[in-house]
Amino acid sequence: MKLGLAGSAEYDDNIYRTDARKKDDVVFRIVPKVQFIEDEGKFHWDLRYQAPWQKAVQTDRVDGFSHFVGAEASHQMSEATRTFFSDRFTYSDAVTRFNTISEDGGTPTLGS
């Protein structure tokens, strides 16, 4: 098992990702992490979870948690053959996931 903690601060000159009414802000992030790994023998697996939390100084529309889960597994069948599985799940309220986040509390828009 591996535990980790990361942190960052970022200045963003367009926090809402819009062409009109641009707003700047500073965003602080704390990212707790946990990872479980089994890497012995012919069967290997890896399970990861991160829960980044972010807080903006002036704008509360981008505050909150995101969740990232990843899993990988492989089996070495022979020296030349290996099977592999990988999957990921993400739930994110982070501003970088959305093209726009409305300033009036409306629903964020995904995609372009």
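This structure is a prediction, so every number in the text was calculated from the model and none was measured. (Residues numbered from 1 in each chain as written. Predicted model: local features only at pLDDT ≥ 70, side-chain atom pairs only at ≥ 80, totals over all residues. Heavy atoms only, no water.)

### As for the overall build of the protein
Then step 1. Scanning the protein for helices and strands turns up zero helices and seven strands.
Then step 2. In sequence order, the secondary structure elements of the protein are arranged as β-β-β-β-β-β-β.
Then step 3. With 112 residues in all, the protein has 25% of them scored as buried.
Then step 4. For the protein, the share of sequence-separated contacts (at least 6 apart) that also reach a separation of at least 24 residues comes to 43%.
Then step 5. Accessible surface, the protein as shown: approximately 7700 Å² in total, 55% of it carbon and sulfur. (Helix = DSSP H or I, 4+ residues; strand = E, 2+ residues; numbered from the N terminus. Buried < 20%, exposed > 50% of the residue type's maximum accessible area, 1.4 Å probe, protein only. Contact = heavy atoms within 4.5 Å. Areas by Shrake-Rupley, 256 points an atom, 1.4 Å probe, with all protein chains shown as cover.)

### Overview of the side chain of Asp25
Then step 1. Along the polypeptide, Asp25 turns up in strand S2 (residues 25–38).
Then step 2. No salt bridge is formed by the buried Asp25; the nearest opposite charge belongs to Lys23, separated by 5.7 Å.
Then step 3. A polar contact of 3.3 Å, which involves the side chain of Asp25, links it to the backbone nitrogen of Val57. (Lys, Arg positive; Asp, Glu negative; His and termini not counted. Salt bridge = Lys/Arg side-chain N within 4 Å of Asp/Glu carboxyl O. Polar contact = N/O pair within 3.5 Å; in protein donor to acceptor, adjacent residues only side chain to side chain.)

### A few points about the pattern of salt bridges
Then step 1. Throughout the structure, instances matching the rule amount to five salt bridges.
Then step 2. For Asp46, the salt bridge identified is with Arg48, shortest N-O distance 3.3 Å.
Then step 3. The buried category is assigned to Asp46, whose relative accessible area is 16%.
Then step 4. Here Arg48 and Glu72 are joined by a salt bridge, their closest N and O atoms 3.8 Å apart. One end of the pair, Arg48, is in strand S3 (residues 43–50); the other, Glu72, is in strand S6 (residues 67–76), and 24 residues separate them in sequence.
Then step 5. Counted as one network, the salt bridges with shared partners bring together Asp46, Arg48, Glu72 and Arg88.

### A closer look at the pairing of S3
Looking along a regular strand, one sees the side chains alternate between the two faces of the sheet.
Then step 1. As paired elements, S2 and S3 share six bridges and run antiparallel to each other. When the bridges of S3 are listed, Gln35 appears paired with Arg48.
Then step 2. The loop that links S2 with its antiparallel partner S3 comprises four residues; one of these, Gly41, has a positive phi angle of about 75 degrees.
Then step 3. Sheet topology note: the S3/S6 ladder contains eight bridges and is antiparallel. Bridge pairing links Trp45 to Ala73 in S6. (Pairing = 2+ DSSP bridges.)

### As for the side chain of Asp46
Then step 1. Structurally, Asp46 is set in strand S3.
Then step 2. A polar contact of 3.3 Å, which involves the side chain of Asp46, links it to the side chain of Arg48.

### Regarding the confidence of the model for the protein
Then step 1. For the protein, per-residue confidence averages 81 on the pLDDT scale, and residues scoring 70 or more make up 82% of the total.
Then step 2. Of the regions scoring below 50 in pLDDT, residues 96–112 engages in 32 contacts with residues more than four places distant in sequence or in other chains. (pLDDT = per-residue confidence, 0-100.)

### Some words on unusual backbone geometry
Then step 1. Unlike most non-glycine residues, Arg21 shows phi in positive territory, near 50 degrees.
Then step 2. Within the secondary structure, Arg21 is located in the loop between strand S1 (2–12) and S2.
Then step 3. Residue classification places Arg21 among the exposed residues on the basis of a relative accessible area of 65%.

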